[in-house]
Amino acid sequence: MNKTVVLLYPQFSEYELSVAISILMQSNKPIITVGINDQPIRGESGLTCVPDKTIDNLNDNEIDSLLLPGCMDIFSIDDENKLIEFIQQIQNKVTVIASISSSPYLLAKAGILKGKKYTIGMTEENREMTGVFVIVIL
């Protein structure tokens, strides 16, 4: 069975991941945590995690889905171009991308939300400020 990539980055939201990971584990869906590098990553609550793999040494053939947690301050990782490049590289290799809270910003920045419905935990002002969201007024 292919695995779900759980992408970890500084200030990721541990509590947002806990339920999602629990559901995956209960359904026997294997996960693999992935970071930009192999250094410990501190979440927003102070929990430090060491990723199983890095984005450079992940075997795309062993994955089928991607899970992105929200982040206390999603703009704090704004200069992490490797995250965006990774998302762009695997978007066609996975069948499901799950994005929680503020993390759809990373998907929008990667250019993969165009023409897709999504929800996001960001204010309208913050979305407009980013310049990566198309605001539709009904």
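Just above sits the structure.
What you see is a predicted model, and the numbers here were worked out from it, not measured in a lab. (Residues numbered from 1 in each chain as written. Predicted model: local features only at pLDDT ≥ 70, side-chain atom pairs only at ≥ 80, totals over all residues. Heavy atoms only, no water.)

Trainee: Can you tell me about the overall build of the protein chain, naming the residues and giving the values?
Mentor: Looking only at helices and strands, the protein chain has 4 helices and 7 strands in total. Each helix and strand of the protein chain, ordered N terminal to C terminal, gives the series β-α-β-β-β-β-β-α-β-α-α. Computed over the C-alpha atoms, the radius of gyration of the protein chain is 15 Å, within 12% of the 14 Å expected from 2.2 N^0.38 for a compact globule of 138 residues. By principal-axis analysis of the C-alpha atoms, the protein chain measures approximately 40 × 30 × 30 Å. Taking all 138 residues of the protein chain together, 42% fall into the buried category. (Helix = DSSP H or I, 4+ residues; strand = E, 2+ residues; numbered from the N terminus. Rg over C-alpha atoms; globule rule 2.2 N^0.38 Å. Buried < 20%, exposed > 50% of the residue type's maximum accessible area, 1.4 Å probe, protein only.)

Trainee: Describe the layout of surface pockets, with residues and values.
Mentor: When its volume is computed, the largest pocket comes out at roughly 200 Å³. Along its surface, the largest pocket is lined by Gln-91, Asn-92, Ile-97, Ser-99, Pro-104, Leu-107, Ile-112, Leu-113, Lys-116, Lys-117, Tyr-118 and Thr-119. Here the residues of the lining of the largest pocket sort into 6 nonpolar, 4 polar and 2 charged. (1 Å grid on protein atoms, 1.4 Å probe; cavity = no way out; pocket = protein on both sides within 12 Å on 5 of 7 lines; lining within 4 Å. Points joined across faces, edges and corners; volume = space filled by probe spheres on them. Nonpolar A, V, L, I, M, F, W, Y, C, P; charged D, E, K, R; others polar.)

Trainee: How would you sum up the environment of Glu-62? Please name residues and give values.
Mentor: Secondary-structure assignment places Glu-62 in the loop between strand S5 (53-54) and strand S6 (63-68). Taking relative accessible area as the criterion, Glu-62 reaches 18% and is therefore assigned buried. Sequence separation between Glu-62 and Met-25 is 37 residues, and the spatial gap between their C-alpha atoms is 17 Å. Beyond its immediate chain neighbours, meaning those up to four positions away, Glu-62 contacts Asn-2, Lys-3, Ile-32 and Lys-53. (Contact = heavy atoms within 4.5 Å.)

Trainee: Can you explain the nonpolar core? Please cite residues and give values.
Mentor: Counting 39 residues, the largest nonpolar core has Val-5, Leu-7, Tyr-9, Leu-66, Phe-86, Ile-87 and Leu-106 as the members making the most contacts within it. Listed by contribution, the elements that provide at least two residues to this core are strand S1 (3-7), helix H1 (14-26), strand S2 (31-35), S6, helix H2 (81-90) and helix H3 (104-109). Among the elements that take part in this core, H2 stands out by supplying 5 residues, more than any other. Not counting chain neighbours up to four residues away, the residues in contact with Tyr-9 comprise Ile-41, Arg-42, Leu-68, Pro-69, Gly-70, Cys-71, Ile-77, Leu-83, Ser-103 and Leu-106. (Core = buried A, V, L, I, M, F, W, Y, C linked by side-chain atoms within 4.5 Å.)

Trainee: Give me the side chain of Ser-103: which residues, what numbers.
Mentor: Examined against the element boundaries, Ser-103 turns out to sit in the loop between strand S7 (96-99) and H3. A polar atom in the side chain of Ser-103 sits 3.1 Å from the backbone oxygen of Leu-68. In terms of polar contacts, Ser-103 uses its side chain to reach the backbone carbonyl oxygen of Ile-100, at 2.8 Å. Not counting chain neighbours up to four residues away, the residues in contact with Ser-103 comprise Tyr-9, Leu-68, Pro-69, Gly-70 and Ile-74. (Polar contact = N/O pair within 3.5 Å; in protein donor to acceptor, adjacent residues only side chain to side chain.)

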